[in-house]
Number of protein chains: 2
Amino acid sequence: MAAEKKTVDDNPVELGKALNADDLAKEFREHSVAEFFKKNTQMLGLTGKIKALTTIIHEYVSNSLDACEEAKIFPEIEVRISEIGDEYYEIQIKDNGPGLAKETVGKALGQLLAGTKFHRLIQQRGQQGIGAAGCTMLSLMTTGKPIQVVSGTSKSAFSCEMTIDPKANQPKILKMEPLDKPFKGLAIKAKFKGIKYQRSENGPYEYLRRTAIANPHASITIIEPDGTKTAFKKTAKRIPDKPEATHPHPKGVTVDELLEMAKHTSSRKTASFLKAELDRMGDKALDEIAKKVSFDLNKDPAKIAWDEAEEIIKCFKAMTFIAPRTDILRPIGEDQIKTSLESILKPEFLSVVERKPTVYHGYAFQVEIGVAYGGEAGRQGAKNEDGVEQRRIEIMRFANRVPMLFDTGGCALTKAVQSIDWRRYGMKDFENMPITIFVHFLSVHIPYTGAGKQSVSDEEEIMEELRLAIMDTGRKIYRYMSLKRREEEKQKKRKLFMKYATEVAIGLHELTGEKKDSIEKKLHDIVLHRLKIDEAKDEAEDVPEEMTDEELKKEAEKEKKEKGKKKKKSRLDDEGGDE
Amino acid sequence: MAAEKKTVDDNPVELGKALNADDLAKEFREHSVAEFFKKNTQMLGLTGKIKALTTIIHEYVSNSLDACEEAKIFPEIEVRISEIGDEYYEIQIKDNGPGLAKETVGKALGQLLAGTKFHRLIQQRGQQGIGAAGCTMLSLMTTGKPIQVVSGTSKSAFSCEMTIDPKANQPKILKMEPLDKPFKGLAIKAKFKGIKYQRSENGPYEYLRRTAIANPHASITIIEPDGTKTAFKKTAKRIPDKPEATHPHPKGVTVDELLEMAKHTSSRKTASFLKAELDRMGDKALDEIAKKVSFDLNKDPAKIAWDEAEEIIKCFKAMTFIAPRTDILRPIGEDQIKTSLESILKPEFLSVVERKPTVYHGYAFQVEIGVAYGGEAGRQGAKNEDGVEQRRIEIMRFANRVPMLFDTGGCALTKAVQSIDWRRYGMKDFENMPITIFVHFLSVHIPYTGAGKQSVSDEEEIMEELRLAIMDTGRKIYRYMSLKRREEEKQKKRKLFMKYATEVAIGLHELTGEKKDSIEKKLHDIVLHRLKIDEAKDEAEDVPEEMTDEELKKEAEKEKKEKGKKKKKSRLDDEGGDE
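Definitions and cut-offs
Residues numbered from 1 in each chain as written. Chains lettered and ligands numbered in written order. Predicted model: local features only at pLDDT ≥ 70, side-chain atom pairs only at ≥ 80, totals over all residues. Heavy atoms only, no water. Axes fitted to C-alpha atoms, helices over the stretch in contact; angles between N-to-C directions. Helix = DSSP H or I, 4+ residues; strand = E, 2+ residues; numbered from the N terminus. Left-handed = near helix turned anticlockwise from the far one by under 90°. Contact = heavy atoms within 4.5 Å. Nonpolar A, V, L, I, M, F, W, Y, C, P; charged D, E, K, R; others polar. Core = buried A, V, L, I, M, F, W, Y, C linked by side-chain atoms within 4.5 Å. Buried < 20%, exposed > 50% of the residue type's maximum accessible area, 1.4 Å probe, protein only. Lys, Arg positive; Asp, Glu negative; His and termini not counted. Salt bridge = Lys/Arg side-chain N within 4 Å of Asp/Glu carboxyl O. Polar contact = N/O pair within 3.5 Å; in protein donor to acceptor, adjacent residues only side chain to side chain.

A. Seen up close, the packing of helix α7 (residues 255-264) of chain B against helix α10 (residues 306-318) of chain B. Residues and elements named next belong to chain B. Orientation of α7 relative to α10, taken along the N-to-C sense of each, is 115 degrees, at an axis distance of 9 Å. Note that α7 runs across α10; the crossing there is right-handed. For the pair α7 and α10, contact is made by V255, D256, L258 and L259 and by W306, A309, E310, I312 and I313, respectively. Across the contact of α7 with α10, the residue classes break down as 7 nonpolar, no polar and 2 charged.

Dropping the structure here:
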């Protein structure tokens, strides 16, 4: 069989020859975003056998939850994972959401960077319009097969098969057919190779369990490859209010962003454009800007030049505005987090802190922390010599109600927990305690460190809020444990004294002939009085008090300084730090 | 000024209302890859004031070096950084490379994901066709200004201005004019805001210094904002051989990749296609495949179905092939690394280890390590109490001759250094030693952990090679330091004995009348003889010997096992591990 050995990539240029500009021109190719991500699946979290499977489940389930939230529906989601070969699985997801219309199903599931969420400032799970289409691509890449879709809206229902043309980044829809039975919602069936199911801490089961904790208004069912069916039932009685989209804040907007918005506005004057499309922009501020800039604010916003936009931004910087709207955020809420954690972890003690919404880089965000101690809190660890299971610290991280299971170390949520000096809270061996820390970060714009959306960037304002919330819960646990220990000691001491009192009473009775009972009662009264004085003294001493926000901040500042000093010691890692 | 408050994003839907599928359809938008990266500049390394500037310099300089290498030219690159306002800089880069043709200049500098490198398996600096176009985009985003380009090829020269249309991901070329004076090469002038120059370990100066170390055939000049001009002159006498592109290895290729290649091949039969476009594919292997598959290998490759491609891949998995070609790699070389490090660090001791090329996931790669001790090796640290500067460990990381200055902690190159138990090599306080470790990873396909290209993924095979190389240099340094210490002790001991011998000789002379000189000589002989026996014994004992590869591997295995035991202790970070 004679096959001629060809040069690489149909390169018309002889190998080893020096290339000039014309030669290089022949080599130029353009690539679609789908081809890019196909080559860089790690950026989508679609590498690693277990991670890829969890990411697939995550993408579909997040979309279902977002869609149900938009449509004000209690989500009912069923996830079925079937093993159909070696590292070869079929995933089925079904929801009861608003469904996808025929016109959008291709874009939603078969085109990267198409979606409703990319351009919006709103607290939502999805952001970039990559997820579900990325799964369609992975299915094609690993099995060559299309995905199957059934969608029912309030008007009609259809089924189709779909794949993606990576070269064009366009959906290819096959076998589009009306559905002959009624159906409302979205159901997807897709096959993947090179993935693996495991009921581990990074697997789909744990992902859905945590999703249920953070979305108590949802009912989520998982059917594992071995047929085990687990239903996480809803514990909330109402659907959370729909998050609202917000406008960029004048202090956070850049020249480029302002011009981009100006291009797409339907306002015909710059003044009305600014007022309509920026947060906290009032008539007084507009008057002030009108006086300072070199052009008329009646100008058509589409015609604003770069220099003019720059003038406006300069004004913004010099002016004072109310902080961005934060009422558009929808936290899970203290009560609901408590109900969730109690029903799942059955802890001995539980403390939940919800911080007030605040702002980083002009974006609204909020932090919710829950700390559960004892019961089933903490991760399962090894058994000790007596066969008793040792539990240890577990951090559950969430961003806009979505669990993050990977990239733990680089995430602000982990770093904040680790930055606390837990010995101050009476926990010398913090990592080996039966504690679950629930950390929820919610924002209109989550600063993920990668497209895989598994870790939050450690912006200063975010770290500060996280630390304050964690320290607050830390003190509450400390207080609980201190009181518990004190109570135990108190009981021990009382028992001892009482036993002693009874013996003394018998002795005195024999000596004096006085009635044993009355001697004993008198002695008991004396001992109790004495014990109470001691206990009151103890209490004043070492149980930590609740702290105000002001006090917490001071405490945080103090700790930071001490940490700073220690950190001066050389470390390998600090080579790569940026300001 | 009355401006009507509009709903967000021209959303025609009332806020707060439940949305159905049709409402959501109206919200759908498509986005270009340029818009995506504009919103995710952190994925390109273009966030952080200092990091963004270093990344800009890196993108331009890498392109220049790659182009010169292609054209077999000794690169002469000049980088000028001028401060023209508050966090506002103009960057000028000029090279003597082959230049860009008029037809390609737009794609090379004004379109994301267009380039010559995306689809090639070759040891090159650039890979994805994003870098320089990303800079054009950042310039537009932060200043609204186009970049200026002057390009001269062997045929003609021109100048132009250029910007990018993010919506379309297309270049916009303005003022294209022929150049009236002769020029060969490429010169770019671009302005950026929101960046900052600093002569720090993460800044452009250090970036270029390290680039010079790893590219000794290049002359690189930097002119800093304060006017300081530094020239890193070339120390190599020849241009490195051009790296060759290679074909995918049968063991590394996936079904999807094979089909993709089959679509673009110019071969008309599957057999000739396989032979021409896969590495190590011979006639014997083809015969074997022909016997096993269900279709005729004379089939047009463009018509291969998924199942047929799967059959071929199944054959590959069951067959034995020679390992991938590794002769296409171009290491810097032991001698050249020595010359480079000596000229820049002037170390007391220097050891360079070049491992043989090997393979991960079907891709050829190689590791070069240099360890310099003393002199100007190590990073500058604080001064001690006596005012003497304390130097400490410095790791210089390179991928395909490109320095990586960020994301230190997550990089395989750092992890490999940190994974070594340095106490075994006599370094109890390893982090505070005057040592520079130069680590060069070269491959036809570098598994970066992100598009920012600042860290290499810790694949098992890569870690193993890195560790073996580092352990090898570690032993060499240990040997050097042990010998040095022994020599010092020897000298001290000799001095002491000789002094003693002289005194004894005087005593004996007085006692016996024998000549002092002859007694002294005899005593010296005895002492020297005795010392030599002792020294020989010492030598046999604690100076580490050179090791063979086999021994090194055993040592590595042993260390790994011990480390594994220690690691079993609970740690917070391991929550996020994948298999």
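Next comes the rest of the description.
B. A look at the nonpolar core. If you look at the biggest cluster of nonpolar residues, it comprises 114 residues, and the most contacted ones within it are F37 and L109 of chain A together with F37 and L109 of chain B. Those residues in contact with L109 of chain B, other than ones at most four positions away along the chain, are L100, A132, A133, T136, I147, V149, M162 and I188 of chain B. Residues V353, Y360, I369 and L466 of chain A belong to the second largest nonpolar core, which totals 48 residues.

C. The arrangement of the side chain of E368 of chain A in detail. All names here are of chain A. Mapped onto the elements, E368 comes out in strand β13 (residues 363-373). Nearest to the buried, unbridged E368 among oppositely charged side chains is R401, at 6.5 Å. In terms of polar contacts, E368 uses its side chain to reach the backbone amide nitrogen of I332, at 3.0 Å. From its side chain, E368 meets the backbone nitrogen of G333 in a polar contact 2.7 Å long. Setting aside residues up to four positions removed in sequence, E368 forms contacts with P331, I332, G333, E334, I337, V353, E354, F438, V439, H440 and L442.

D. A look at helix α6 (residues 204-214) of chain B. A large share of α6 of chain B lies buried, amounting to 11 of its 11 residues. Residues of α6 of chain B that are buried: P204, Y205, E206, Y207, L208, R209, R210, T211, A212, I213 and A214 of chain B.

E. Layout of helix α8 (residues 270-277) of chain B. Residue and element names in this part refer to chain B. Burial analysis of α8 places 8 of its 8 residues in the buried class, which makes it a mostly covered element. Among the residues of α8, those classed as buried are T270, A271, S272, F273, L274, K275, A276 and E277. Residues of α8 that are buried in the fold lie against α7, α9 (283-292) and α10.

F. Highlighting the pattern of salt bridges. Under the defined criterion, the tally for this structure stands at 56 salt bridges over all chains. Across the pair E260 of chain B and K167 of chain A runs a salt bridge whose closest N-O atoms are separated by 3.2 Å. Separated into two different chains, E260 of chain B in helix α7 and K167 of chain A in the loop between β6 (157-165) and β7 (170-178) make up a pair that spans both. Accessibility expressed as a relative area gives 43% for K167 of chain A, which makes it partly exposed.

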